[in-house]
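Below, each chain spelled out in residue letters.
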Amino acid sequence: MRQNMKNVSPMSNEGRNAYVIEHLTDALLTLLRGKSINDISIRELCDSAGVGRASFYRNYENKEDIIRQYIHRLFSEWTGGYGQSDGKPISVWIQALFGHFERHWDFYRLLNERNLIYLLKDVIIGIFGPKPEDSKGDAYAKAFAAYTLYGWIEVWFQRGMKDSSDEIAGLFKMQGL
């Protein structure tokens, strides 16, 4: 069960940690609307979040880790509705994935504006890419699929995020994938 302020005692370590994570995330996303991640200091971030620097370093190594964790959380919500072995055509998956981007358009637009899309690649490869236990054939197939998927996502961002999830799914079908 994911911890948040509603299901954890505020006096517990988990409650304090959930508070820190939530406030650092909110503060970083707010600060990113006005400046690049490189122009945001850890002190400024912690002051804005109302937490101490020790709390930041207890949870993260760097500011990008906050974004990575937030992307993971968004993707966990998305993948929770899609079982990987349900036999759906890949175009349905692509449409659902780009639908996820559309639902969180403001966040992903902010990543794009601040040149942080590379953080999305790490998550895509982590979720869809090869795992150490995969056979050689599966590992290469998953790597091909994950990097291809990221390439489509990156082009979508570069093109201004204008194409709808339906259009992307249709283009994917046209490619014979």
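What counts, and at which threshold
Residues numbered from 1 in each chain as written. Predicted model: local features only at pLDDT ≥ 70, side-chain atom pairs only at ≥ 80, totals over all residues. Heavy atoms only, no water. Helix = DSSP H or I, 4+ residues; strand = E, 2+ residues; numbered from the N terminus. Buried < 20%, exposed > 50% of the residue type's maximum accessible area, 1.4 Å probe, protein only. Contact = heavy atoms within 4.5 Å. Salt bridge = Lys/Arg side-chain N within 4 Å of Asp/Glu carboxyl O. Phe/Tyr/Trp six-rings, centres within 6.5 Å; stacked < 30°, edge-to-face > 60°. Polar contact = N/O pair within 3.5 Å; in protein donor to acceptor, adjacent residues only side chain to side chain. Core = buried A, V, L, I, M, F, W, Y, C linked by side-chain atoms within 4.5 Å. pLDDT = per-residue confidence, 0-100. Arc of directions from axis to C-beta.

Caption draft 1: Region of interest: the environment of D47. Turning to its location among the elements, D47 is positioned in helix 2 (residues 42-49). Between the alpha carbons of D47 and A27 there is a distance of 8.9 Å; along the sequence they are 20 residues apart.

Caption draft 2: View of the side chain of T25. Mapped onto the elements of the fold, T25 is located in helix 1 (residues 13-32). Looking at T25, the relative accessible area reads 6%, which means it is buried. For T25, the residues in contact, after removing those within four places along its chain, are Y60, I66 and Y70.

Caption draft 3: Seen up close, the pattern of salt bridges. Evaluated as defined, the whole model comprises 7 salt bridges. Residue D65 is joined to R68 by a salt bridge in which the shortest nitrogen-to-oxygen separation is 3.0 Å. With D65 and R68 both in helix 4 (residues 63-79), this residue pair falls 3 residues apart, about one helical turn. A salt bridge links D134 to K142; the nearest nitrogen and oxygen atoms lie 3.2 Å apart. Classification of D134 as buried rests on a relative accessible area of 17%.

Caption draft 4: The packing of aromatic side chains, seen in detail. For the structure on display, the rule yields 13 aromatic pairs. Ring geometry for F75 against F101: centres 6.2 Å apart, planes inclined by 65°, an arrangement best described as edge-to-face. Here the residue F75 occupies a position in helix 4, and F101 occupies one in helix 5 (residues 90-103), the gap between them amounting to 26 residues. Judged by relative accessible area, which is 0%, F75 ranks as buried. Between F101 and Y108, the ring centres sit 4.8 Å apart and the planes meet at 85°, which makes this aromatic pair edge-to-face. Grouping aromatic residues by their ring pairs yields a cluster made of Y70, F75, F98, F101, F107, Y108, W156 and F157.

Caption draft 5: Layout of the side chain of D163. By the element assignment, D163 lies in the loop between helix 8 (136-158) and helix 9 (165-174). Within the structure, the side chain of D163 is placed 3.5 Å from the side chain of R159, a separation counted as a polar contact. If near-sequence neighbours (up to four positions away) are discounted, D163 is found in contact with E102, W156 and I168.

Caption draft 6: Quick peek at the nonpolar core. With 51 residues, the main nonpolar core has L24, F75 and Y108 as its most contacted residues. Of all the secondary-structure elements, those providing two or more residues to this core are helix 1, helix 2, helix 4, helix 5, helix 6 (105-113), helix 7 (118-128), helix 8 and helix 9. A per-element tally of this core places helix 1 first, with 8 residues. Look past the residues within four positions of L24 in its chain and what remains in contact with it is L45, C46, A49, V51, F56, Y60 and I66.

Caption draft 7: Structural detail: the confidence of the model for the chain. Per-residue confidence for the chain gives a mean pLDDT of 86; residues scoring 70 or more make up 87%. Element-level pLDDT for the chain is lowest in helix 5, with a mean of 85, against a maximum mean of 97 in helix 2. In this model residues 1-9 is a low-confidence stretch, pLDDT under 50, and it forms 14 contacts with partners more than four residues away in sequence or in other chains.

Caption draft 8: How the structure looks around helix 9. Turning to helix 9, its buried residues number three or more, namely S165, I168, A169 and F172. Buried residues of helix 9 fall within an arc of 100° about the axis and therefore sit on the same side. Turned more than 90 degrees away from the buried face of helix 9 sit D166, K173 and M174, all of them exposed. Those residues of helix 9 hidden inside the fold are in contact with helix 5 and helix 8.

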